[in-house]
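The primary structure of each chain is shown beneath.
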Amino acid sequence: MTLNISDLIAPMEATHRSGINQTLKWRLQQLDTLMLMITEHEGDFVDALFKDLHKERTESIYCELLLVKHEIQRFQRELKNWMKPQKVSYPGALFPAFCEVHSVPLSEPGCLIIAPFNYPVCISLLPIIGAFGGGNPCVLKPSELCPAVSSLFSKLVPKYFEKGALQVVEGGVEETTKLLEQHWGLIHFTGSERVGRIVQEMAAKTLSPTILELGGKTPTIIAHDCPDDMAVVCNRILAGKLMNCGQTCVAPDFVICHKSKLETFCTEAISAIERLFGKDPEHSLSELPRIVSESHTKRQLNLIQEIEKQDSSKVLYGGTMKCNPQQRLITPTLVLDPSMDSQMMKEEIFGPILPIIPFETDEEAIQLINNMHGTPLALYVFTKSQKRYETYMSKIPSGSVMRNETLLQFIIPDFPFGGLGTSGIGSYQGKASFDAFTHKRSSLYHPCHAAFEYGGLRYHPHGSGIKGKTLILLLRVLPNFPTLSFTQIVVVMSAMAFMSYHGLYGFLLQVANLFEAVALLLRQIASL
């Protein structure tokens, strides 16, 4: 069926023009409806995730559905407070003024959410929560690589939401391209750097702002002073790597291991894989998820085959012979010291292959990472030393950084999630989502009365006499004033009137003149 953009955006524009989306009630209604939809159909979402990615039930619930529910609950608790106008200070020479910053919905027609295949429920709905919280209608474009999840969204959303709040557009490149030709209040895209560049280029043509959640090669550093229990270290690294079969943007992409820890790490890494997914070398009956498509499976095989052709002894565990392309099953594979010119060291792996690179000094590790293409979305450092951790953190740029852990940044409710440089633009999650999906609109009210003109000091002509000097003096000396309530303004004005009546106001101005004279004298002395 041909996509009709006009029919798609008309109800969204109607929502904006009615003004209903500016209310707390409308926003909470959408969040409540979203919670109801995923709660009533939790089993359907779990089944769809198994069909598309072979995710087992527990992983589907805690990595997809629970994250969404917790984010909705956070918005339900905090949204009223987040929506309150924020009072800001202003130059004292403008007294009295009322200055506020309002968080308002983005521009018409609403927000476009282009979702990825790797977490097709969670990363579809988390941005929508932020968009609803900001008062924005949405269009969701699910990944065509997850047909079961995409079809489920397409079936459920019209039953729960009005078209002026949320719609789903299924399809592939053609439909996505047509959507990107339309202006949006915000485009939220999660995917590869290559496609992110295309999205950004098309968004620029319509002046649509973007949040791009991309990826890159996330390094994991095993320092010479890493924690003593290597089994725990390897559990955390391999669990992070193999979550969703490595198809996670913040998964450890490769390990840089100090030579003194290399043998222990490699041994324990193999043990960790077998603890997680059993000793069956193919893992066909384990809880290991599958690669999303045949083409992505073939790419993973090619990465391993390149190393096997060069030197098969570098494959410490796994390998192509243990994989089953027909089932889209790539076995966890450890590769020791692959060439930096190999494809697996040039591009994001996005699968269950873990290269292990030895190093001797911290500077060597830092240089190796910084010489690679792009900016990592995450950086993981295993060390007992806070000083060493801070050294790596300060010398290697990344979207996020963690010490002695992997992957957990996405479940910390107050962590903005986003990349840096080639790993992304902008961030979201929690309060960061509310800020990302709202426009910060400045509002100033200055009472229009001759009493607040202060002799017309700010207007031309200023000349070279007392008028201009007084204006400059006031701008220099008077501090910023906080925005006060009407009652507080009355109190301050009464105090000023009292001081003026008793001659104190003139005294304060003389003191201000004295301070200005002293400051001028000090500047002249300093220039000698």
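Right above here is the structure, for reference.
Basis of the calculations
Residues numbered from 1 in each chain as written. Predicted model: local features only at pLDDT ≥ 70, side-chain atom pairs only at ≥ 80, totals over all residues. Heavy atoms only, no water. Helix = DSSP H or I, 4+ residues; strand = E, 2+ residues; numbered from the N terminus. Buried < 20%, exposed > 50% of the residue type's maximum accessible area, 1.4 Å probe, protein only. Contact = heavy atoms within 4.5 Å. Areas by Shrake-Rupley, 256 points an atom, 1.4 Å probe, with all protein chains shown as cover. Lys, Arg positive; Asp, Glu negative; His and termini not counted. Charge placed at Lys NZ, Arg CZ, Asp CG, Glu CD. Pairing = 2+ DSSP bridges. Axes fitted to C-alpha atoms, helices over the stretch in contact; angles between N-to-C directions. Core = buried A, V, L, I, M, F, W, Y, C linked by side-chain atoms within 4.5 Å.

1. Brief notes about the overall build of the chain
Then step 1. Summing up its helical and strand segments, the chain has 18 helices and 20 strands in all.
Then step 2. Projected onto the principal axes, the alpha-carbon positions of the chain cover approximately 95 × 65 × 40 Å.
Then step 3. Counting only residues that meet the buried cut, the chain has 49% of its 528 residues in that class.
Then step 4. When contacts within the chain are restricted to residue pairs at least 6 apart in sequence, those whose partners lie at least 24 apart make up 73%.
Then step 5. Accessible surface, the chain as shown: approximately 24900 Å² in total, 58% of it carbon and sulfur.
Then step 6. Once the 48 positive and 52 negative side-chain charges of the chain are each reduced to a mean point, those two points are 7 Å apart.

2. Thoughts on the sheet that holds strand 14 (residues 378-382)
Then step 1. Pairing in this open sheet of 7 strands is mixed, and the strands run 11-12-13-10-9-14-15 from one edge to the other. Because the sheet does not close on itself, it has two edges, and the strands there are strand 11 (315-317) and strand 15 (400-403). The average angle at which neighbouring strand axes cross in this sheet is 25°, direction not considered.
Then step 2. Pairing of strand 10 (residues 254-258) with strand 13 (residues 353-359), which is carried by 4 bridges, proceeds in the parallel orientation. The residue bridging His258 from the neighbouring strand is Phe359, located in strand 13.
Then step 3. Packed onto the sheet, helix 13 (residues 362-370) meets strand 9 (219-222), strand 10 and strand 13 and runs at close to 135° relative to strand 13.
Then step 4. Here helix 14 (residues 386-395) sits on the sheet in contact with strand 9, strand 13, strand 14 and strand 15, set at roughly 160° to strand 15.

3. Some details on the side chain of His41
Then step 1. Looking at where His41 falls in the secondary structure, it is placed in the loop between helix 2 (24-40) and helix 3 (42-53).
Then step 2. With relative accessibility at 17%, the residue His41 sits in the buried group.
Then step 3. Ignoring any residue separated from it by four or fewer positions in sequence, one finds His41 in contact with Leu156 and Tyr160.

4. Digging into the sheet that holds strand 5 (residues 138-141)
Then step 1. Ordered by their spatial adjacency, 6 strands build an open sheet running 6-5-4-7-8-17, and the pairing between neighbours is mixed. With one partner strand each, in any of the chains shown, strand 6 (166-168) and strand 17 (424-425) form the two edges of the open sheet.
Then step 2. Note: strand 4 (residues 111-114) against strand 5, 4 bridges, orientation parallel. Following the sheet pairing, Leu112 is matched in strand 5 by Val139.
Then step 3. Sheet strands in contact with helix 5 (residues 122-133) are strand 4, strand 5, strand 6 and strand 7 (186-190), and its direction is about 165° off that of strand 4.

5. Observations concerning the nonpolar core
Then step 1. Counting 119 residues, the largest nonpolar core has Met37, Phe153, Ile222 and Phe265 as the members making the most contacts within it.
Then step 2. Broken down by element, the residue count for this core peaks at 10 residues, all from helix 4 (residues 57-83).
Then step 3. Not counting residues within four places of it along the chain, the set of residues in contact with Phe153 comprises Met37, Phe45, Pro120, Val121, Ser124, Leu125, Leu140, Pro142, Pro158 and Val168.
Then step 4. Formed by 19 residues, the second largest nonpolar core is a distinct cluster that contains Leu8, Leu180, Met202 and Leu212.

6. Observations regarding the environment of Ile9
Then step 1. With respect to the helices and strands, Ile9 occurs in helix 1 (residues 5-18).
Then step 2. Here Ile9 falls in the buried class, since its relative accessible area comes to 10%.
Then step 3. Through-space distance from the C-alpha of Ile9 to that of Gln182 is 9.4 Å; in sequence the pair is 173 residues apart.
Then step 4. Among residues more than four places away in sequence, those in contact with Ile9 are Pro109, Gln182 and Trp184.

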